[in-house]
Amino acid sequence: MLKLNEAVTPTQITHLQRLWLYGLAGMVMLFLIIPCLIVIPMSFSASQYLEFPPREWSLRWYEAYLGSPEWMQATWVSFKVAIISTLVATLLGTLAAYGLSQVRGGLAKLAGGLLMLPMLVPIILVAVGVFFVYSRTGLNNTVTGLVLAHSVLAIPFVLIAVGNGLQGYDMNQEMAARSLGASRAWAFLTVTLPQIRLSIFSGALFAFIASFDEVVIALFIVGGDSSTLTRRMFANIRDQIDPTVAAVSTLMIVLSIVLLAAMMYIKGLEGRRKATQG
């Protein structure tokens, strides 16, 4: 039971004094959640056009999505690109986080800052740069080019997650293994990697979401059979508005909730592991 007069900080700030902050946070959450709550019933409409609330209920737009070769092709491309990008970003991001944790000084900070740039630079600038580079290398309108671009966008998420995991890891365990004759690579694989695996899984989930939800770069560099699901959704809204896009959005919301629940579960496991070790 929430006690309004109970102190919540070392400075004796109470819940009652923070009530305005709770109200503001609640309004922001409603602002973000309400559009999702509106899209879901719209996806079950029997109407030819988007309408809320639906006058009649139907699964016709889910059937239209599942029965469309174009939508299925775009879905397959999105999953394929997201899975490959996740594997690439997780591998490179984990290695980068481990390397940066072993190095001190300005060079390490510079390297870390460069790896974080894709998260800091506006995505439209990244898309324009990628488009011009790919126009010279022949990677436009290819899955390979999209995987490379999405991997670059996803690496910062892995870097942050694995870096946080390494901060709470006692590197003396790896040093002990190396002092007993294990190579650095073998010590990392057998001692360090199992200790930070939950952080790696968390970073991989973030990387998957970053790739699967990305649309701006896809608009610039792919089309036709190489179109992703989000790009096709954008084209559907631009060219012909029908509830199919609401059905796809609802399925993506469900996928996001499942991945979020998985991340929360992983964080819970990591918290219990740290508490046990402490």
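Cut-offs applied
- Residues numbered from 1 in each chain as written.
- Predicted model: local features only at pLDDT ≥ 70, side-chain atom pairs only at ≥ 80, totals over all residues.
- Heavy atoms only, no water.
- UniProt positions renumbered as here; feature names shortened; annotations may be inferred.
- Helix = DSSP H or I, 4+ residues; strand = E, 2+ residues; numbered from the N terminus.
- Buried < 20%, exposed > 50% of the residue type's maximum accessible area, 1.4 Å probe, protein only.
- Contact = heavy atoms within 4.5 Å.
- Areas by Shrake-Rupley, 256 points an atom, 1.4 Å probe, with all protein chains shown as cover.
- Phe/Tyr/Trp six-rings, centres within 6.5 Å; stacked < 30°, edge-to-face > 60°.
- Core = buried A, V, L, I, M, F, W, Y, C linked by side-chain atoms within 4.5 Å.
- Axes fitted to C-alpha atoms, helices over the stretch in contact; angles between N-to-C directions.
- Left-handed = near helix turned anticlockwise from the far one by under 90°.
- Nonpolar A, V, L, I, M, F, W, Y, C, P; charged D, E, K, R; others polar.
- Expected span 1.5 Å × (residues − 1).
- Patch = residues over 30% accessible without salt bridge, like charges linked within 9 Å, V, L, I, M, F, W, Y side chains within 5 Å.
- Salt bridge = Lys/Arg side-chain N within 4 Å of Asp/Glu carboxyl O.

The protein is annotated in an unreviewed UniProt entry as ABC transporter permease of Pseudomonas ulcerans. The record held by UniProt for the protein lists under Sequence similarities (unreviewed entry) the comment "Belongs to the binding-protein-dependent transport system permease family."

Enquirer: Got a minute to help me understand the overall build of the protein in this structure?
Expert: The helix and strand tally for the protein stands at 12 helices and 0 strands. Going from the N terminus to the C terminus, the protein shows its helices and strands as α-α-α-α-α-α-α-α-α-α-α-α. Taken over 278 residues, the protein has a buried fraction of 38%. In the protein, the share of contacts with a sequence separation of at least 24, taken over all contacts with a separation of at least 6, comes to 65%. Total accessible area on the protein stands at roughly 16,200 Å², and carbon and sulfur atoms take up 70% of it.

Enquirer: What am I meant to see in the packing of aromatic side chains here?
Expert: Aromatic ring pairs are described here by two measures, namely the spacing of the ring centres and the angle between the planes. Counted according to the given criterion, the structure contains 7 aromatic pairs. Ring geometry for Tyr65 against Trp71: centres 6.0 Å apart, planes inclined by 70 degrees, an arrangement best described as edge-to-face. We note that Tyr65, like Trp71, is buried.

Enquirer: Looking at this structure, I do not really get the environment of Glu63. What am I missing?
Expert: Mapped onto the elements, Glu63 comes out in helix α2 (residues 60–66). Classification of Glu63 as exposed rests on a relative accessible area of 56%. When the C-alpha atoms of Glu63 and Thr244 are compared, they prove to be 9.0 Å apart, with 181 residues separating the residues in sequence.

Enquirer: I would appreciate a short explanation of the nonpolar core in the present structure.
Expert: Note on soluble globular proteins: their nonpolar side chains tend to be buried together. Counting residues in each nonpolar core, the largest one holds 20 residues, and the members touching the most others are Ala89, Val162, Leu166, Tyr169 and Ile196. Among the secondary structure elements, those contributing two or more residues to this core are α3 (69–102), α6 (143–167), α8 (184–195) and α9 (197–212). Broken down by element, the residue count for this core peaks at 6 residues, all from α6. Contact partners of Leu166, with chain neighbours within four places excluded, come to Ala97, Tyr98, Ser101, Met171, Thr192 and Ile196.

Enquirer: I keep staring at the environment of Gly203 and nothing clicks. Help me out?
Expert: By the element assignment, Gly203 lies in helix α9. In sequence terms Gly203 and Val162 are 41 residues apart; their C-alpha atoms lie 6.7 Å from each other. Not counting residues up to four positions away in its chain, the partners in contact with Gly203 are Phe157, Val158 and Ala161.

Enquirer: Hey, could you run me through the packing of helix α5 (residues 123–137) against α6 in this one?
Expert: To describe two helices that pack against each other, one gives the angle between their axes and the distance between the axes. Two elements in contact, α5 and α6, have axes whose closest approach is 12 Å; the angle formed by their N-to-C orientations is 145 degrees. Two packed elements cross with a definite hand, and for α5 against α6 that hand is right-handed. Here α5 contributes Ile123, Val126, Val130 and Tyr134 to the contact with α6, which in turn contributes Gly145, Leu146, Leu148, Ala149 and Leu153. Residue composition of the contact of α5 with α6, by class: 8 nonpolar, 1 polar and no charged.

Enquirer: In this structure, what is going on with the UniProt feature "transmembrane region" (unreviewed entry) in the protein? I would like to understand it.
Expert: The feature "transmembrane region" (unreviewed entry), as annotated in UniProt, sits at residues 20–44, 76–98, 110–134, 146–166, 198–224 and 244–266 in this numbering. As annotated, residues 110–134 has a helix share of 92% and a strand share of 0%, and its two end C-alpha atoms lie 26 Å apart. Split by type, residues 146–166 is 100% helix and 0% strand. Its first and last C-alpha atoms lie 30 Å apart.

Enquirer: Explanation requested: α9 in the structure shown.
Expert: Owing to its 3.6 residues per turn, the α-helix brings residues three or four apart onto one side. Between its terminal C-alpha atoms α9 stretches 22 Å, which fits the 22 Å expected from 16 residues at 1.5 Å a residue. Along α9, the residues that are buried comprise Leu198, Ser199, Ile200, Ser202, Gly203, Ala204, Leu205, Ala207, Phe208, Ser211 and Phe212.

Enquirer: Can you help me understand the side chain of Thr86 in this one?
Expert: Relative to the helices and strands, Thr86 resides in helix α3. For Thr86, a relative accessible area of 10% translates into the label buried.

Enquirer: Would you take a moment to explain the side chain of Ser202 for this structure?
Expert: Here Ser202 is to be found in helix α9. With a relative accessible area of 6%, Ser202 lands in the buried category. Discounting chain neighbours no more than four positions away, the residues touching Ser202 are Met263, Ile266 and Lys267.

Enquirer: Whenever I open this one, a nonpolar patch on the surface confuses me. Can you help?
Expert: Taken together, the side chains of Leu19, Trp20, Leu21, Tyr22, Leu24, Met27, Val28, Met29, Phe31, Leu32, Ile33 and Leu37 make up a nonpolar region of the molecular surface, amounting to roughly 1,300 Å² of accessible area. What makes Leu32 exposed here is its relative accessible area of 57%.

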